[in-house]
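# Residue-level structural notes
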Amino acid sequence: MNRSTHHVVPNAKGGWSVHRGSSGRATRHFATKKAAEAYGRKVSFNQKTTLVIHREDGTAPPSGKQG
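Quick notes on the rules
Residues numbered from 1 in each chain as written. Predicted model: local features only at pLDDT ≥ 70, side-chain atom pairs only at ≥ 80, totals over all residues. Heavy atoms only, no water. Pairing = 2+ DSSP bridges. Helix = DSSP H or I, 4+ residues; strand = E, 2+ residues; numbered from the N terminus. Axes fitted to C-alpha atoms, helices over the stretch in contact; angles between N-to-C directions. Contact = heavy atoms within 4.5 Å. Phe/Tyr/Trp six-rings, centres within 6.5 Å; stacked < 30°, edge-to-face > 60°. Lys NZ or Arg CZ within 6 Å of the ring centre and 35° of its normal.

On to the sheet that holds strand S3 (residues 26-30). Strand order across the open sheet formed by 4 strands is S3-S2-S1-S4, with mixed pairing between neighbours. Lying at the two open borders of the sheet, with one neighbouring strand each, are S3 and strand S4 (50-53). The average undirected angle you get between the axes of adjacent strands in this sheet is 20 degrees. Strand direction decides the pairing type here: strand S1 (residues 5-10) and S4, joined by 4 bridges, are parallel. Bridged to Thr-5 within S4 is Thr-50. Contacts from helix H1 (residues 33-47) reach S1, strand S2 (16-20), S3 and S4 within the one sheet, and its direction differs from that of S4 by about 165 degrees.

In total, this model carries 1 aromatic pair according to the counting rule given. Between the aromatic rings of Phe-30 and Tyr-39, the centroid separation amounts to 5.3 Å while the plane-to-plane angle is 45 degrees, which identifies the pairing as tilted. Taking NZ or CZ as reference, Arg-28 lies 5.1 Å from the ring centre of Tyr-39, over its face.

Next comes the structure, spelled out in structure tokens:
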């Protein structure tokens, strides 16, 4: 994960998180993936970054298949 991306990832304690690039801390936590995706899209658009939406197992889709 680099700084020009935002990631929607599953949280180990439940729910979903949005991270900026290689940051170890989440920008924000959400109860549902849908809410995390909506927030991630908004932030990613405003900051002109690429949004990567991970699967429930934490893996990212192949390159070029991001949200």
